[in-house]
Amino acid sequence: MNLNIVLFQPEIPQNTGNIARTCVLTNCKLHLIKPLGFSLDEKHLKRAGLDYWPYLDIEIHESYEDLREKYKDGTFYFSTTHGENYYNDVNFKEGDFIVFGRESCGLPDEIRNSDPERCIKVPMINTTTRSLNLSNTVAIVTYEALRQMDYPNMK
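Remember, predicted model here, so these are calculated numbers, not experimental data.

Right, let's talk about the overall build of the protein chain for a bit. Counting secondary structure elements, the protein chain contains five helices and seven strands. Put simply, the protein chain runs from its N terminus to its C terminus through helices and strands in the order β-α-β-α-β-α-β-β-β-α-β-α. Its C-alpha radius of gyration of 15 Å places the protein chain within 12% of the 15 Å reference for a compact globule of 155 residues. For the protein chain, the spread of C-alpha atoms along the principal axes amounts to about 35 × 35 × 35 Å. Element-wise, carbon and sulfur atoms account for 45% of the exposed surface of the protein chain, whose accessible area totals about 8600 Å². Taking the average place of the 17 positive charges on the side chains of the protein chain and the average place of its 22 negative ones, the gap between the two points comes to 5 Å.

Following this line, the structure appears as structure tokens:
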């Protein structure tokens, strides 16, 4: 396992399916924090994950607190438009956790404010209307982290 990709209360099954596929093909573990905005049995999620879903290393957590309790010694980064640091300014290491927020509203203040120096962002133009799609953001940050690790066990 290279990285831990964490989705905080994901809402859109197609995004989660795309992220699951990225996790399978990069040897990353996917963590989903409840409540989910969909059923894991949902047709759209399975279709987005295609035949990769059975190969996914996945954990489902009842809450963010449960995740943090289980991985007390983990290094956590938080992807947010409110971050002060760019995602490529971080020195990622194998086993790091990268937490991504909900599609509609991102990460809650209490999570972001718990460790503001570990909040990272993908640069975008200054706008108040939209941000990058969640699955695109996960792919951008994941591949930067893997590049820093010299793409472990990847060809």
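Its 14 residues place the ends of helix H1 (residues 13-26) 20 Å apart at the C-alpha level, agreeing with the 20 Å of an ideal helix rising 1.5 Å per residue. Buried residues of H1: Pro13, Asn15, Thr16, Gly17, Ile19, Ala20, Thr22, Cys23 and Thr26, and no others. Just downstream of H1 lies Asn27, where phi reads positive at about 60°.

The next thing to look at is the pattern of salt bridges. Counting across every chain of the model gives 10 salt bridges. Between Lys34 and Glu62 there is a salt bridge, with its nearest N and O atoms 3.1 Å apart. Highlighted residues: Lys34 in the loop between strand E2 (29-33) and helix H2 (43-49) and Glu62 in the loop between strand E3 (58-61) and helix H3 (64-70), separated in sequence by 28 residues. Relative accessible area serves as the criterion here: at 52%, Glu62 is assigned to the exposed category. Here the salt bridges share partners, and the residues they tie into one network are Lys29, Asp57, Glu59 and Lys70.

Bringing the side chain of Gln9 into the picture now. Mapped onto the elements of the fold, Gln9 is located in the loop between strand E1 (4-8) and H1. Taking relative accessible area as the criterion, Gln9 reaches 16% and is therefore assigned buried. Ignoring sequence-local partners within four residues, the contact set of Gln9 consists of Ile33, Lys34, Pro35 and Arg102.

Attention shifts here to unusual backbone geometry. Here the bond from Lys34 into Pro35 is cis, since omega is 0°, no more than 30 degrees from zero. Note on placement: Pro35 falls in the loop between E2 and H2. Positioned with a positive phi, Asp150 is a non-glycine residue whose angle comes to about 60°. Within the fold, Asp150 resides in the segment after helix H5 (134-148).

What counts, and at which threshold
Residues numbered from 1 in each chain as written. Predicted model: local features only at pLDDT ≥ 70, side-chain atom pairs only at ≥ 80, totals over all residues. Heavy atoms only, no water. Helix = DSSP H or I, 4+ residues; strand = E, 2+ residues; numbered from the N terminus. Rg over C-alpha atoms; globule rule 2.2 N^0.38 Å. Areas by Shrake-Rupley, 256 points an atom, 1.4 Å probe, with all protein chains shown as cover. Lys, Arg positive; Asp, Glu negative; His and termini not counted. Charge placed at Lys NZ, Arg CZ, Asp CG, Glu CD. Expected span 1.5 Å × (residues − 1). Buried < 20%, exposed > 50% of the residue type's maximum accessible area, 1.4 Å probe, protein only. Salt bridge = Lys/Arg side-chain N within 4 Å of Asp/Glu carboxyl O. Contact = heavy atoms within 4.5 Å.

This is a description of form; function is not addressed.
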